Amino acid sequence: MIQIIFGKKGSGKTKRILDMANASVKEAKGNVLFVDDDKSYTLSLKPQIRFIDASEYQVKGVEPFYGFLAGILAGNYDISVIYIDAFLKLVKADPDALVDFFAKLERLVAEAGCDMVISFSEDAANVPESIRKYQI
């Protein structure tokens, strides 16, 4: 299942996703991952959460980021949930150009049997309905 936290910069998305990640450690049956574009929130996460700084792997762009996520899931069958902060910075794309990406991502997550929570720096009203349906 994919869930998206929408909101403009400064609306509390990062705090919310960090709190969700930390709370999920108690219930997770597998590994919890947190993907961001830098290391600034590493110390805000519980030590049981695997932190990944995507900028170290130069995965800027829609297709590279999809491949990055697919590789993570292919290499570890015990992932319960992946939290992704700063999503639009990582994919470097306009929300309108992400419809196909989210269709592929939904299949990937379903096949892997994990959940994904994404912070999306945009007002939900400015996003296509096919993406807005993931709003929490």
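The sections below set out a description of the structure shown in this document. Quantities reported herein were computed from a predicted structural model and do not represent experimental measurements.

What counts, and where the lines are drawn
- Residues numbered from 1 in each chain as written.
- Predicted model: local features only at pLDDT ≥ 70, side-chain atom pairs only at ≥ 80, totals over all residues.
- Heavy atoms only, no water.
- Buried < 20%, exposed > 50% of the residue type's maximum accessible area, 1.4 Å probe, protein only.
- Helix = DSSP H or I, 4+ residues; strand = E, 2+ residues; numbered from the N terminus.
- Pairing = 2+ DSSP bridges.
- Polar contact = N/O pair within 3.5 Å; in protein donor to acceptor, adjacent residues only side chain to side chain.
- Contact = heavy atoms within 4.5 Å.

A word on the pairing of strand E2 (residues 31-36)
The buried fraction of E2 amounts to five of the six residues, a majority that puts the element mostly inside the structure. With four bridges joining them, E2 and strand E3 (residues 50-53) adopt parallel strand pairing. Along E3, the bridge assignment pairs Asp36 with Asp53.

Here's the deal with unusual backbone geometry
The residue Ala86 is not glycine, and still its phi comes out positive at about 60°. The residue Ala86 is located in the loop between strand E4 (79-84) and helix H3 (87-91) in this model. You can call Ala86 buried: its relative accessible area is 14%. A positive phi angle is found at Lys92, which is not glycine, with a value near 50°. When you line up the elements, Lys92 lands in the loop between H3 and helix H4 (99-112). For Lys92, a relative accessible area of 59% gives the class exposed.

Quick notes on the environment of Glu63
Residue position: Glu63 is located in helix H2 (residues 62-75). For the pair formed by Glu63 and Asp78, sequence separation is 15 residues and the distance between their alpha carbons is 24 Å. Of the polar contacts made by the side chain of Glu63, one reaches the side chain of Lys104; its length is 3.2 Å.

Notes on the side chain of Ser24
By the element assignment, Ser24 lies in helix H1 (residues 13-24). Classification of Ser24 as buried rests on a relative accessible area of 11%. Polar side-chain contacts of Ser24 include one of 2.7 Å to the backbone oxygen of Ala21. The contact partners of Ser24, leaving out residues within four places of it in the chain, are Val32, Val81 and Tyr83.

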